[in-house]
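# Structural description and commentary
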Amino acid sequence: MSEDNCIFCKIIRGEIPARTVFEDEDFKVIMDASPATKGHVLILPKRHYDDLFALPEDVAAKALPLAARLAARLKEKLGCQGINIVQNNGEAAGQTVRHLHIHVIPRYEDGRKADVTWSHSTFDEAELDRILDTIRQNG
Ligand code: AMP
Ligand code: ZN
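Let us look at the structure shown here. (Residues numbered from 1 in each chain as written. Chains lettered and ligands numbered in written order. Predicted model: local features only at pLDDT ≥ 70, side-chain atom pairs only at ≥ 80, totals over all residues. Heavy atoms only, no water.)

## Here we look at the nonpolar core
By size, the foremost hydrophobic cluster in this structure holds 15 residues, and its most contacted members are F27, V29, I43, L66 and V104. Among the secondary structure elements, those contributing two or more residues to this core are β2 (27-31), β3 (41-45), α2 (57-78) and β5 (102-107). The element best represented in this core is α2, accounting for six residues. Non-local contacts of I43, meaning those with residues more than four positions away in its chain, are made with F27, K28, V29, A63, L66, A67, L70, L100, H101, I102 and V104. (Core = buried A, V, L, I, M, F, W, Y, C linked by side-chain atoms within 4.5 Å. Buried < 20%, exposed > 50% of the residue type's maximum accessible area, 1.4 Å probe, protein only. Helix = DSSP H or I, 4+ residues; strand = E, 2+ residues; numbered from the N terminus. Contact = heavy atoms within 4.5 Å.)

## Digging into the coordination of the zinc ion (ligand 2)
Taken together, the protein donors to the zinc ion (ligand 2) comprise C6 (SG), C9 (SG), H48 (ND1) and H99 (ND1), at separations of 2.1 to 2.3 Å. Ordering the donors of the zinc ion (ligand 2) by residue number gives the pattern C-x2-C-x38-H-x50-H. Within this pair, whereas H48 is found in the loop between β3 and α2, its partner H99 is found in the loop between β4 (82-86) and β5, the two being separated by 51 residues in sequence. Like H99, H48 is buried. (Donors = N, O, S within 2.8 Å, 3.2 Å for Na, K, Ca; no water.)

In structure tokens, the structure reads:
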């Protein structure tokens, strides 16, 4: 998707409204319009990157510390008991907006379900070894 048509670029340019939680030169943090839980926010880099594969390392290096600061604030102010950090890349992974974003999702021990879980798969030992051979990297 081009930056002209990207909904998050439009929010960053102020062309469509959003509830802004935090802003600095690199990021805008907004409340998710369809939150999974109370206080679900999205970290948006101000420059458009489709996904993690396009994200420069210097921007990436600032993203997790920001997520940690937001998580601490949500915990303090909303009293959540846990936080999920979720970042989807590609349709297969559930990415619906092709402007990289990081979900910061407060979790509460209130018995209400939020769908940030997955079912587990099983692989036999030989297959696990083949997968390891394929993906192992040094450095
Ligand atoms: P993902 O499925 O990881 O691509 O997440 C996209 C997220 O963006 C969803 O949680 C949507 O609810 C959220 N979203 C889409 N449009 C807007 C918008 N205009 N303002 C705030 N959040 C939005
Ligand atoms: Zn964009």
